[in-house]
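# Working through the structure, step by step
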Amino acid sequence: THTNQQTNPVILKSRGDVCEAGFEFTAAPSQSLTGLLIAAPTELGLRAKNIVYRVSFLDGSAVRIGELPASAERTGNGKFLDVYQGGGSVFLDRYDVSSNLVKLSPVSLELILDGRLCIQRKNDVWNMETGSKKSCSKIATANFASPLCLVHKAGKARLSPRLACKELEDRWHTH
């Protein structure tokens, strides 16, 4: 709507370029004048980040609540997925965005397309470049035709059935 009344612009501290860079505003379900603003990165690169703000046009406030990778895609209400490649692997990270916080899921997936892994008891793994053969119960080799699936949780990586990485494989093949 348009009014002839003079209003004060919302200025995001240290992001006066937000309109030039681009942004997305999602109104809160209960109040269309408040919501989340996702500001595009000012510097591009492989790991560029969007800055997420909680904004209110009622009082002119904008509070930074976190960051999302620029490559992340929205999959639902407040849910984002980021699929990216690094080294010989493809990764999938999940993010939940609430009105107060951007939270990275503690569980992420890795599909190894090229590399060797040292497998310990309970299927805990590490890269052979950093591991010692003495403590490996088995060595697994991944390649494009036969990738390995890792589930990362609580700072540990665990070799998992390939089916555990199905969502990652499906999303990666469509990119």
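Definitions and limits used
- Residues numbered from 1 in each chain as written.
- Predicted model: local features only at pLDDT ≥ 70, side-chain atom pairs only at ≥ 80, totals over all residues.
- Heavy atoms only, no water.
- Disulfide = S-S within 2.5 Å.
- Helix = DSSP H or I, 4+ residues; strand = E, 2+ residues; numbered from the N terminus.
- Buried < 20%, exposed > 50% of the residue type's maximum accessible area, 1.4 Å probe, protein only.
- Salt bridge = Lys/Arg side-chain N within 4 Å of Asp/Glu carboxyl O.
- Lys, Arg positive; Asp, Glu negative; His and termini not counted.
- Polar contact = N/O pair within 3.5 Å; in protein donor to acceptor, adjacent residues only side chain to side chain.
- Contact = heavy atoms within 4.5 Å.
- Phe/Tyr/Trp six-rings, centres within 6.5 Å; stacked < 30°, edge-to-face > 60°.
- Lys NZ or Arg CZ within 6 Å of the ring centre and 35° of its normal.

## Side note on the state of the cysteines
Taken as a whole and judged by the stated rule, the model has two disulfides. Across the disulfide, Cys118 is cross-linked to Cys136 (sulfur-sulfur distance 1.9 Å). Residues Cys118 and Cys136 share a disulfide whose torsion about the S-S bond is about -130°; that sign makes it left-handed. Of this pair, Cys118 sits in strand S10 (residues 115-119) while Cys136 is found in the loop between strand S11 (125-127) and strand S12 (138-142), placing the two residues 18 residues apart along the sequence. Classification of Cys118 as buried rests on a relative accessible area of 0%. The disulfide partner of Cys149 is Cys165, and the gap between their sulfur atoms is 2.0 Å. As the torsion about the S-S bond is roughly 80°, the Cys149-Cys165 disulfide counts as right-handed.

## A word on the pattern of salt bridges
The tally for this structure, following the rule as stated, stands at nine salt bridges. As a salt-bridge pair, Arg64 and Glu67 come within 2.5 Å of each other at their nearest N and O atoms. Take Glu67: its relative accessible area is 36%, and that puts it in the partly exposed class. The closest approach of N and O atoms between Glu167 and Arg171, which form a salt bridge, is 3.6 Å.

## Focus: the side chain of Asp93
By the secondary structure assignment, Asp93 is in strand S7 (residues 89-97). Look at Asp93: it is buried, it has no salt bridge, and the nearest opposite charge is Arg47 at 4.8 Å. In terms of polar contacts, Asp93 uses its side chain to reach the side chain of Tyr84, at 3.1 Å. Other than its neighbours up to four places away in sequence, Asp93 contacts Phe80, Leu81, Asp82, Tyr84, Leu104 and Ser108.

## What about the packing of aromatic side chains?
The final tally for this structure, using the stated rule, is three aromatic pairs. The interplanar angle of 65° and the centroid separation of 5.4 Å between the aromatic rings of Phe25 and Phe57 together place this pair among those described as edge-to-face. One end of the pair, Phe25, is in strand S1 (residues 23-28); the other, Phe57, is in the loop between strand S3 (49-56) and strand S4 (61-69), with 32 residues separating them in the sequence. Ring geometry for Tyr84 and Phe91: centres 5.2 Å apart, planes at 20°, overall stacked. A relative accessible area of 18% places Phe91 in the buried class. Taking the ring centre of Tyr84 as reference, the NZ or CZ of Arg47 above it sits at 3.8 Å.

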